[in-house]
Amino acid sequence: MGIARVIRRELNRIAHHPRYLIILTLGCLFTFVFFATFMREGQPQNLPVAVVDMDGTYFTRRLCHEINATQGVEVVAVYNNHTEARKAMQRGEIFAFYEIPHGTYNDLLQFRSPHFGLYSNPCYLLAGTLSYKQLATMGMLAAGAVQREVYRKKGYDEEQIMGLIMPIEFDTHLVGNPWANYQIYLMTTIVPGVISFIVLLFTVYMIGREREEGSMGSLLRKTGGNPFKALVGKMLPYTCWFSLLMVSANFIMFGVMKFPLEGSWLLMVLASILLVIGVQCVGVFIAGALPDPHISMGVSAVYGALCFSLSGFSFPIEAMPNLFSSLCYLYPLRHYYLIYSDVAIFGNGFGHCWPHICAMLVFGVAFLLGAWMLGKNWRVATTPKVHDKKGGMI
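Time to look at the nonpolar core. Counting 70 residues, the largest nonpolar core has Met-187, Ile-207, Leu-231, Phe-242, Tyr-336 and Trp-378 as its most contacted members. Here the element with the most residues in this core is helix H8 (residues 182-213); it accounts for 13 residues. Not counting residues up to four positions away in its chain, the partners in contact with Tyr-336 are Thr-188, Pro-192, Met-246, Asn-250, Met-268, Ala-271, Ser-272, Leu-275 and Met-360. Judged by nonpolar contacts, the second largest core, of 17 residues, contains Val-51, Leu-63, Ile-100 and Ala-142.

Where helix H1 (residues 2-16) contacts H8, the two axes come as close as 14 Å, and the packing angle between them is 85 degrees. The angle between H1 and H8 falls in the class roughly perpendicular. Contacts from Arg-9, Glu-10 and Arg-13 of H1 reach H8 at Met-206, Arg-209, Glu-210 and Glu-213. Residue composition of the contact of H1 with H8, by class: one nonpolar, no polar and six charged.

With seven of seven residues buried, strand E1 (residues 47-53) lies mostly within the body of the structure. By the alternation rule, side chains of E1 split into Leu-47, Val-49, Val-51 and Asp-53 and Pro-48, Ala-50 and Val-52, which are all buried. With six bridges connecting them, E1 and strand E2 (residues 73-79) associate as parallel partners. From the neighbouring strand, Val-51 faces E2, where its bridge partner is Val-78. Handedness of the crossover is the feature at issue here: the chain leaves E1, passes through helix H3 (residues 58-68), returns alongside E2, and the resulting connection is right-handed. Here five bridges tie E1 to strand E3 (residues 96-100), and the two strands are oriented parallel to one another. Counted as the bridge partner of Val-49 is Ala-96 from E3.

About the thresholds
- Residues numbered from 1 in each chain as written.
- Predicted model: local features only at pLDDT ≥ 70, side-chain atom pairs only at ≥ 80, totals over all residues.
- Heavy atoms only, no water.
- Core = buried A, V, L, I, M, F, W, Y, C linked by side-chain atoms within 4.5 Å.
- Buried < 20%, exposed > 50% of the residue type's maximum accessible area, 1.4 Å probe, protein only.
- Helix = DSSP H or I, 4+ residues; strand = E, 2+ residues; numbered from the N terminus.
- Contact = heavy atoms within 4.5 Å.
- Axes fitted to C-alpha atoms, helices over the stretch in contact; angles between N-to-C directions.
- Parallel < 35°, antiparallel > 145°, perpendicular 65-115°, else oblique.
- Nonpolar A, V, L, I, M, F, W, Y, C, P; charged D, E, K, R; others polar.
- Pairing = 2+ DSSP bridges.
- Right-handed = clockwise from strand over helix to strand, strands pointing away.

The quantities given are spatial measurements derived from coordinates; they are silent on function.
Structural data, given as structure tokens:
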């Protein structure tokens, strides 16, 4: 029962030095609470925009009121020229603005097409995109309202008018997130990503700490010199703890906060546990391949930071170069994200997501390789050096 002795040893170390685990747990809780409260309304509301009204007619004032009636944006200023609006955007006071030229209302009365200018700030990705979307939609609705009034003057009935303005009607369905709630999008991907990043760094750190403290010999002696049993016993308490954090986070998101979950809850629990184990296996491999603790921590930090991009939820892998799209599958978070999409969004069962579950189990090979390399390094480090009479090492 060498594994049990290592587990007792690790629990004793946690009891005497609990600050590391407490700090990491608080980091996970802070991430969860931050995103749970940061976008509790689903989308940013009342984003500041402006209107450059060089026409000053009833039509333009009515357009400003209609823009204010939407939840997404709010007209905070009405400027008389383009320069004032541009300077306000450069100062970060507004994210977008309409420019309505002089003579717009007269052009409408004379059946000429006036040209509006729509400017948005893409430096703020979310705010700029949402502001542009809201103002562009309002522009289309305003154009439709003008056309409707023109057709009414010509004597068309309402059914004919709608057929002319919108000959094709679209029935939009946002699968898995019908409210376009950014909180659902962010929390179901970033929270597991942050936890897996913390698990990776902590795994590499704990193995490197054994090297720095010179306690590798005592660890191997408890398992009869078997590095595989030693690493399993050392990692198991942290596996249970971080798996509990992942399952608790999913329970709050899918149970308390009512995030969409069309499939099996047990499959999401399984995916959460496999994510933690897979990341630990990668951490063992990095620590074994790179004996120097500082280099292994640096490499694991780079590997973990790239997981947010290469997992596919921030940028589609189909649009990546072939080299990077192939590297995506070296991340357990990528397979977790695919399982989440299959189970929570599309409601598929085990028969559809089993390849991703098997892929996460394949990361056990990284654990075996890392344990073999660590065992080799540990035996060399713990072997007593014998010197001959002349002072040379045998």
